[in-house]
Amino acid sequence: MRRLTVLLFATSLALAAPARASTSPPGAVHQDTEAKLVKAVLDAGPRDRSAAYDALRLGADEETVKTTLETRAAAAVTVLQRGSTLKQLGVIADRRRTLDAAREGALRLIFDEERYFTPYRVPAVTPEKAAAYSAVQREVDEHVDLAAQAWSDKKKAKLPRRFRVALEDLRWTRDRRTALDPAPERRRGEHRQPKADPAPYDSGGLPEWIGGLELGVDVINVRTFAWTAGERAELARSRRVVASNTERMRTAQKDEAGTPEAARPSSDEIEQVRCTNEYRLMMGRTALAWHPSLQAATRWHSDYMSRWGILTHYEEEDAERRTFADRCRLEGYERPAGENCSVGSPDPAGTQAAWARSSGHHRNLLGRDHTEMASALSGSYWTQNFGRGDVTLDPPPVSD
C-alpha cells in the first residue's frame, strides 16, 4: 500500500510538471523573441535589413518598431558626423547659394517683359527705346556672367563610401519611419498644404540639405549639389536626358537607311543642342530632350530661309507651313512651344550667345515648361524649335 502511494505521488508530479512550466512570467518568451528581432534589424546590412525589418513588423508592437528605426537612424547620423565631409559639403552649399542668387537676379530680369521688352530694334521701336533696351541687356549680361562664374567654381567635396552608405541607410530608416505615420485623410473641401521633403534630416545636428545629396556620384560640386530630394531627382533626370541626347542624335546621324535626311542632325546641330542644355542647366532649368520630328521641322525652315535669303518665322508661300506650329505639326509633333531663328554665324556657341542677347529668344531658351527641342543649320541660317511633349526615358537602374 505504501509503495502504491509513492508511485501515485510520483505520477502526479510528472503530470503536474508541464503545467508548472507553462506558468513562466507572461510575455517572457515574447520579449526574448522581440529582442532578437530588434537586434537583427540593428545589425543587418543593406542586403538583409528589409527582411529583418519585415520580421520585426510582424513580431513586435508599433512603438518597438519606431524605437528600433530611430536607434538605427541615430547610428547613421553618428557616422555622418565623423570626419570632415559635412564641413566640406557646407562650403559647397555656400557656393551654391552664390549661384542661386545670380540665377535669381538674371531670371527675374530676363522674364520681366516690361523692362526686357520686345521688339527692341529701330524701326519697330524709337531710337530712345532701343537705347534703353541696350542698357537692360547689359544688366542681364552682368547677372548671367555672375551665374557663369559661380557655375564654373572648381570647389568639390568627395563622398567617402562609409558616408554614402550611412546616408543611404538614414534615408532607408526615414522612409519606413514616415510610412508608420501616414498623413491623415483629407475631409471633403479641406485644403492640404503641399508636403515638403519627408523626414527631419536636421535631427541630430545634420543640415537639412543633406536630404538632397546625390549618392550616385563620388564628388559633389555646385553642379551636382541639390537642396532637396525633388531637386536631386530633377538633376539626375537632366543627366539622363543629356546622355540620351548624345546617343540618339549620333545614332540618327549615322542611320542613313532608317532615318529621314531632314531628321538626321549634323555635328554642329548636335553641338547646338548641347550648348542650349548647358546654358539651361547653368540657369537652373532642366535639360531638354532632342526630338527627331522637331529636327525635321527646324531643318525645313532653315532651308527655306537660306533659299530665300531672309530671316523670318513665317513661310508666306504655303499656308500649311506658315507658322512654326504648323511646320511642327506637319512633321507629326503635336505640342510645339516656340521658335528661335538666327542668321550670320554657323558657330553653335556664337548663335547661342546671340540668342541670349535678344529678349524673346532668351526667354525661349529658358522656358520653364519646355521639355524637348532641336536645332538646324542651313547655310548661315539657324532654326531652333521647342516643344512640351511627354519625354519618356528608360528607367534608371534599381539599386538593392
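Residues numbered from 1 in each chain as written. Predicted model: local features only at pLDDT ≥ 70, side-chain atom pairs only at ≥ 80, totals over all residues. Heavy atoms only, no water.

## Considerations on the packing of aromatic side chains
This model, assessed by the stated rule, comprises 7 aromatic pairs. Taking 5.8 Å as the distance between ring centres and 80 degrees as the angle between the ring planes, the aromatic pair formed by Y53 and W172 counts as edge-to-face. Remark: W172 occurs in helix α7 (residues 161-179) and Y53 occurs in helix α3 (residues 49-59); sequence separation between them is 119 residues. Take Y53 and W172: they sit in the same class, and that class is buried. Each residue in the set Y116, F117, Y120 and Y133 is aromatic and connected to the rest through ring pairs, giving one cluster. One cation-aromatic arrangement involves K129 over F117; the distance from NZ or CZ to the ring centre is 4.7 Å. (Phe/Tyr/Trp six-rings, centres within 6.5 Å; stacked < 30°, edge-to-face > 60°. Helix = DSSP H or I, 4+ residues; strand = E, 2+ residues; numbered from the N terminus. Buried < 20%, exposed > 50% of the residue type's maximum accessible area, 1.4 Å probe, protein only. Lys NZ or Arg CZ within 6 Å of the ring centre and 35° of its normal.)

## Comments concerning the pattern of salt bridges
According to the stated counting rule, one finds 29 salt bridges in the structure shown. A salt bridge links E62 to K66, with the nearest nitrogen and oxygen atoms 3.3 Å apart. Taken together, the residues E62 and K66, both in helix α4 (residues 62-81) and 4 residues apart, mark about one turn of the helix. Residue E62 is classed as partly exposed on the basis of its relative accessible area of 43%. A salt bridge links R322 to E316, with the nearest nitrogen and oxygen atoms 3.2 Å apart. (Salt bridge = Lys/Arg side-chain N within 4 Å of Asp/Glu carboxyl O.)

## Description of the packing of α3 against α7
At their nearest, the axes of α3 and α7 sit 12 Å apart, and the two run at 25 degrees to each other. If you check the angle between α3 and α7, you find them roughly parallel. The two elements α3 and α7 meet at a crossing, and its hand is right-handed. Facing α3, whose interface residues are R49, S50 and Y53, α7 presents E168, D169, W172 and R176. Per-class residue counts for the contact of α3 with α7 are 2 nonpolar, 1 polar and 4 charged. (Axes fitted to C-alpha atoms, helices over the stretch in contact; angles between N-to-C directions. Parallel < 35°, antiparallel > 145°, perpendicular 65-115°, else oblique. Left-handed = near helix turned anticlockwise from the far one by under 90°. Contact = heavy atoms within 4.5 Å. Nonpolar A, V, L, I, M, F, W, Y, C, P; charged D, E, K, R; others polar.)

## What about the sheet that holds strand β6 (residues 381-387)?
A sheet is described by the order of its strands in space; here 4 strands give the open sequence β3-β5-β6-β4, paired in mixed fashion. Looking at the sheet topology across the chains shown, the edges are occupied by β3 (289-290) and β4 (336-343). Bridge analysis of strand β5 (residues 372-378) against β6 gives 7 bridges, and the strand direction is antiparallel. In the sheet register, E372 faces β6, and the bridge partner there is G387. Packed onto the sheet, helix α10 (residues 292-308) meets β3, β4, β5 and β6 and runs at close to 30 degrees relative to β5. (Pairing = 2+ DSSP bridges.)

## A word on the pairing of β4
Counted residue by residue, β4 has 7 buried out of 8 residues, so it is predominantly covered. Here β4 pairs with β6 via 7 bridges, running antiparallel. Counted as the bridge partner of S342 is W382 from β6.

## Some words on the side chain of T383
Mapping T383 onto the fold places it in strand β6. At a separation of 2.9 Å, a polar atom in the side chain of T383 contacts the side chain of S302. Setting aside anything within four residues of it in sequence, one finds T383 in contact with T298, H301, S302, M305, E339, N340, C341, A374, S375 and A376. (Polar contact = N/O pair within 3.5 Å; in protein donor to acceptor, adjacent residues only side chain to side chain.)

## So, the environment of L377
With respect to the helices and strands, the residue L377 is situated in strand β5. Along the chain, L377 and S306 lie 71 residues apart, while their C-alpha atoms are 9.2 Å from each other. Excluding residues within four positions of it along the chain, L377 makes contact with D268, E269, R299, S302, P346 and W382.

## Side note on the nonpolar core
Ranked by size, the top nonpolar core spans 46 residues in total, and within it I110, V140, V144, Y279, M283 and L366 carry the most contacts. Secondary-structure elements contributing two or more residues to this core are α5 (85-110), α6 (127-151), α8 (229-254), α9 (267-282), β3, α10, β5 and β6. Ranked by residue count, the leading element in this core is α6, at 7 residues. Judged by nonpolar contacts, the second largest core, of 22 residues, contains A157, F163, L170 and L213. (Core = buried A, V, L, I, M, F, W, Y, C linked by side-chain atoms within 4.5 Å.)

## Let's talk about the packing of α3 against α4
It is the contact of α3 with α4, at a shortest axis distance of 10 Å, that shows an interaxial angle of 150 degrees. Of the possible angle classes, the one that applies to α3 and α4 is roughly antiparallel. Like other packed secondary-structure pairs, α3 and α4 cross with a definite hand, here right-handed. Note on element contacts: α4 touches α3 through V65, T68, L69 and R72, opposite R49, Y53, L56 and R57. Grouping the amino acids of the contact of α3 with α4 by side-chain chemistry returns 4 nonpolar, 1 polar and 3 charged.

## Comments concerning the confidence of the model for the protein chain
Across the protein chain, the average pLDDT comes to 88, with 85% of residues at 70 or higher. Counted against residues more than four places away or in other chains, residues 1-24, with its pLDDT under 50, gives 1 contact. Across residues 194-198 the pLDDT falls below 50, and counting only partners more than four positions away or on other chains, this stretch makes 6 contacts in the model. (pLDDT = per-residue confidence, 0-100.)

## Thoughts on the pairing of β6
Taken across its 7 residues, β6 has 7 buried, putting it largely inside the fold. Neither face of β6 is open: one carries Y381, T383, N385 and G387, the other W382, Q384 and F386, and all of them are buried. Where β5 hands over to β6, the hairpin turn is made up of 2 residues, of which G379 adopts a positive phi near 65 degrees.

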